[in-house]
Amino acid sequence: MMKLEDLLHYPNERVVYFLRHHWIVYAFPVALAVLLAIIPFIAGALLSTTSYVLNPSVTMAAVLSLGLSVYYLGIWLFLFTTFHNAYLDVWVVTTHRIVYIEQHQLFSRTVSEQPLSRVQDVTSDVRGILPTMLGYGDILVQTAGAVDKFAFDTIPNPTEVSRTIFQLVDDVRKREGEPPPA
Amino acid sequence: MPLFILLIPYALFLLMYVSWSFALAYHLYRFSFSSARMWLVVALHVSVSAFLLFVSIGALTAIDWSAPLQLPFLAMTSAINPF
């Protein structure tokens, strides 16, 4: 298990934000799973109202039982996999750096970091009715490094976070005696 | 051909399910930052999986797997005889 302290490299460095996706990222797959889970019940109810019935046989009972078992276990595994991929996406903003840990899928992850002194531009983006009402959105951080863009996808309070990052960048520049970019 | 032949692909699926779940749980443990929520979700996954398997086994034990496999099994018959 990882510890937040392991990410801190500089003296006097402290974590300002530890961010994960907004809960809405989990809500959509859960809604889809619920929808998929009730489909067999709807199909069963519809079949019972028709004038045709399926031939009752042992083979059909076996295929239906095995099929439903695979179907529901598959839905549940899909939900767990979705949670895994979203939960392991983490953005850490410290007083010195931004660290982005991205989980693409199982056994595939990227860890990238940028010092705040390289940040050139911070843009927050809240677009749509749902993001505005629930308070989530994206942040795009433009840097001068090899990784020229950092995207914070679907995070809570993006405006507040981007404002704080900008303030932290300003503090770093003052500390290092750099002039702000023109 | 006996019906239990259908259990072979099902067993392979279960093997894949358990391996995939274990890999996800290990990955969560190895790479997540200490959090009670992670343990809660792993416990929930194990509990729901156990419940689904329990219900499945209940349904599958009621079937006579030594019976012959009949194809096609999806033939439909009219419940209303017009003649």
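Scoring rules and cut-offs
- Residues numbered from 1 in each chain as written.
- Chains lettered and ligands numbered in written order.
- Predicted model: local features only at pLDDT ≥ 70, side-chain atom pairs only at ≥ 80, totals over all residues.
- Core = buried A, V, L, I, M, F, W, Y, C linked by C-beta atoms within 7 Å.
- Buried ≥ 20, exposed ≤ 12 C-beta atoms within 10 Å, placed from the backbone.
- Helix = DSSP H or I, 4+ residues; strand = E, 2+ residues; numbered from the N terminus.
- Contact = placed C-beta atoms within 7 Å.
- Pairing = 2+ DSSP bridges.
- Axes fitted to C-alpha atoms, helices over the stretch in contact; angles between N-to-C directions.
- Expected span 1.5 Å × (residues − 1).
- pLDDT = per-residue confidence, 0-100.
- Parallel < 35°, antiparallel > 145°, perpendicular 65-115°, else oblique.

Trainee: Got a sec to walk through the nonpolar core? Specific residues and values, please.
Mentor: All names here are of chain A. Grouped together as the largest cluster of nonpolar side chains are 29 residues, with contacts concentrated most on Trp-91, Ile-98, Ile-139, Val-141, Ile-155 and Ile-165. The dominant element in this core, judged by the number of residues it contributes, is helix α2 (residues 58–87), at six residues. Those residues within four positions of Ile-165 in sequence are excluded, and the remaining contacts are Val-93, Val-122 and Val-141.

Trainee: Please set out the environment of A:Ile101 residue by residue, giving values where relevant.
Mentor: All names here are of chain A. Mapped onto the secondary structure, Ile-101 falls in strand β4 (residues 97–105). Spatially, the C-alpha atoms of Ile-101 and Val-111 are 4.4 Å apart, while their sequence positions differ by ten residues. With near-sequence residues (within four places) excluded, Ile-101 lies in contact with Leu-88, Asp-89, Val-90, Arg-109 and Val-111.

Trainee: Provide a residue-level description of the interface of chain B and chain A, including the pertinent values.
Mentor: Of the residues lining the interface, 37 residues belong to chain B; the matching set on chain A comes to 33 residues. The biggest single contributor to the side of chain B that touches chain A is helix α1 (residues 7–31) of chain B, with eleven residues.

Trainee: An account of the sheet that holds strand β5 (residues 108–115) of chain A is needed here, citing residue identities and associated values.
Mentor: Backbone-to-backbone hydrogen bonds join strands into a sheet, with any given pair of strands oriented parallel or antiparallel. Residue and element names in this part refer to chain A. One open sheet accounts for four strands, arranged β1-β3-β4-β5; its pairing is antiparallel. Each edge of the open sheet is held by one strand with a lone partner, namely β1 (15–19) and β5. Each neighbouring strand pair of the sheet contributes to a mean axis angle of 10°, computed without reference to strand direction. Against the sheet, helix α4 (residues 158–176) touches β1 and β3 (90–94), its axis set at about 150° to β1.

Trainee: Can you break down helix α2 (residues 36–60) of chain B residue by residue, with the values?
Mentor: Given a rise of 1.5 Å per residue, 25 residues ought to cover 36 Å, and the 36 Å separating the end C-alpha atoms of α2(B) matches this to within 8%. The complete set of buried residues in α2(B) reads B:Val41, B:Val42 and B:His45.

Trainee: Just give me the short version of the confidence of the model for chain B, but keep the residues and values in it.
Mentor: Residue and element names in this part refer to chain B. For chain B, per-residue confidence averages 85 on the pLDDT scale, and residues scoring 70 or more make up 86% of the total. Of all secondary-structure elements in chain B, the lowest mean pLDDT belongs to strand β1 (residues 76–78), at 54, while α1 reaches the highest, 94. This prediction of the complex comes with two scores: 0.83 for pTM and 0.84 for ipTM.

Trainee: Tell me about α1(B), and name the residues and values.
Mentor: Taking 1.5 Å per residue, 25 residues should reach 36 Å; α1(B) reaches 36 Å between its end C-alpha atoms and fits that length. By the burial criterion, the buried members of α1(B) are B:Ser21, B:Leu24 and B:Leu28. Against the buried residues of α1(B) lie α2 of chain A together with α2 of chain B.

Trainee: Can you break down the confidence of the model for chain A residue by residue, with the values?
Mentor: Here chain A averages 88 in pLDDT, while 92% of its residues score no lower than 70. Across chain A, helix α3 (residues 129–134) of chain A holds the top mean pLDDT of 95, while strand β2 (residues 52–54) of chain A sits lowest at 60.

Trainee: Break down the packing of α2(A) against α2(B) for me, with residues and values.
Mentor: Where α2(A) contacts α2(B), the two axes come as close as 10 Å, and the packing angle between them is 175°. It follows that α2(A) is roughly antiparallel to α2(B) by the angle criterion. Two secondary-structure elements touch here, α2(A) through A:Ser65, A:Ser69, A:Tyr72, A:Leu73, A:Trp76, A:Phe80 and A:Phe83 and α2(B) through B:Val41, B:His45, B:Val48, B:Ser49, B:Leu52, B:Ser56, B:Ala59 and B:Leu60.

Trainee: Describe unusual backbone geometry, naming the residues involved and giving the relevant values.
Mentor: Note: most residues except glycine have negative phi, and most peptide bonds are trans. Residue and element names in this part refer to chain A. Here the phi dihedral of Thr-154 falls at roughly 50°; this positive angle occurs in a residue that is not glycine. Mapped onto the elements of the fold, Thr-154 is located in strand β8 (residues 149–156). Judged by the 18 C-beta atoms lying within 10 Å of it, Thr-154 is partly exposed. Residues other than glycine seldom take positive phi values, yet Asn-157 does so here, at roughly 50°.

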